[in-house]
Amino acid sequence: MKKEDCIFCKIINKEIPSTIVYEDDEVIAFEDINPIAPVHVLIIPKEHIEMVTELNEENSKFLPKIYLVANKIAEIKGIKEKGFRIIVNCGEDGGQEVHHIHFHLIGGKKLPVNVL
Ligand code: AMP
Ligand code: ZN
């Protein structure tokens, strides 16, 4: 998929609205439009990388930042103590619908063992 057609790139470029909870030069986080739990935030790199299998030495330097931002958001949302889940779907069998790599930060309730 070209990045011009990518819904998450449009969110990054503020071409479509979203509720942004964190943003810096490298990553952005926003509320999932269809939350499956009281806290459901998507954390994404600003670079258009389609999925886990597209990661390489050069484009993966943002990865530690994702987890640091997840911690920050968990703190803001008040779920740091009780815990949460970070999920990344990859490809068709992984159930990935949006082809811009994203990390689901999910919490705010006791999650079932099998979620997503
Ligand atoms: P995945 O199935 O892992 O590709 O997840 C895609 C996620 O993106 C789903 O949880 C959707 O609810 C979410 N999503 C799709 N469009 C938007 C949007 N415009 N704003 C926020 N979240 C979105
Ligand atoms: Zn994109």
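Owing to the predicted nature of the structure, the values given are computational and were not obtained by experimental measurement.

Asker: Any details on the environment of Cys9? Residues and values, ideally.
Answerer: The topology assignment puts Cys9 in helix H1 (residues 7–12). Under the relative-accessibility criterion, Cys9 is labelled buried at 6%. Not counting residues up to four positions away in its chain, the partners in contact with Cys9 are Lys3, His48 and His100.

Asker: So what about the site of ligand 1? Which residues, and what values?
Answerer: Taken together, 16 residues lie around ligand 1, and Asp32, Asn89, Glu97, His102 and His104 are the ones closest in. His104 places a polar side-chain atom, nitrogen or oxygen, 2.9 Å from an oxygen atom of ligand 1. Contact with the protein chains removes 85% of the 510 Å² of surface that ligand 1 exposes when unbound. Of all elements in the fold, only H1 and strand S2 (27–31) reach the threshold of two or more residues within the shell around ligand 1. Among the elements that make up the shell around ligand 1, the one with the highest residue count is H1 (three residues). Looking at side-chain class alone, the shell around ligand 1 contains seven nonpolar, six polar and three charged residues.

Asker: Lay out the coordination of the zinc ion (ligand 2) with the relevant residues and their values.
Answerer: Distances from the zinc ion (ligand 2) to its protein donors, Cys6 (SG), Cys9 (SG), His48 (ND1) and His100 (ND1), fall within 2.1 to 2.3 Å. Taking relative accessible area as the criterion, Cys6 reaches 0% and is therefore assigned buried. Residue classification places His48 among the buried residues on the basis of a relative accessible area of 18%.

Asker: Got a sec to walk through unusual backbone geometry? Specific residues and values, please.
Answerer: The bulk of non-glycine residues show a negative phi, and the bulk of peptide bonds are trans. Even without being glycine, Lys14 reaches a positive phi, approximately 60 degrees. Position of Lys14 among the secondary structure elements: in the loop between H1 and strand S1 (20–23).

So, how was this worked out
- Residues numbered from 1 in each chain as written.
- Chains lettered and ligands numbered in written order.
- Predicted model: local features only at pLDDT ≥ 70, side-chain atom pairs only at ≥ 80, totals over all residues.
- Heavy atoms only, no water.
- Helix = DSSP H or I, 4+ residues; strand = E, 2+ residues; numbered from the N terminus.
- Buried < 20%, exposed > 50% of the residue type's maximum accessible area, 1.4 Å probe, protein only.
- Contact = heavy atoms within 4.5 Å.
- Near = heavy atom within 4 Å.
- Polar contact = N/O pair within 3.5 Å; in protein donor to acceptor, adjacent residues only side chain to side chain.
- Areas by Shrake-Rupley, 256 points an atom, 1.4 Å probe, with all protein chains shown as cover.
- Nonpolar A, V, L, I, M, F, W, Y, C, P; charged D, E, K, R; others polar.
- Donors = N, O, S within 2.8 Å, 3.2 Å for Na, K, Ca; no water.

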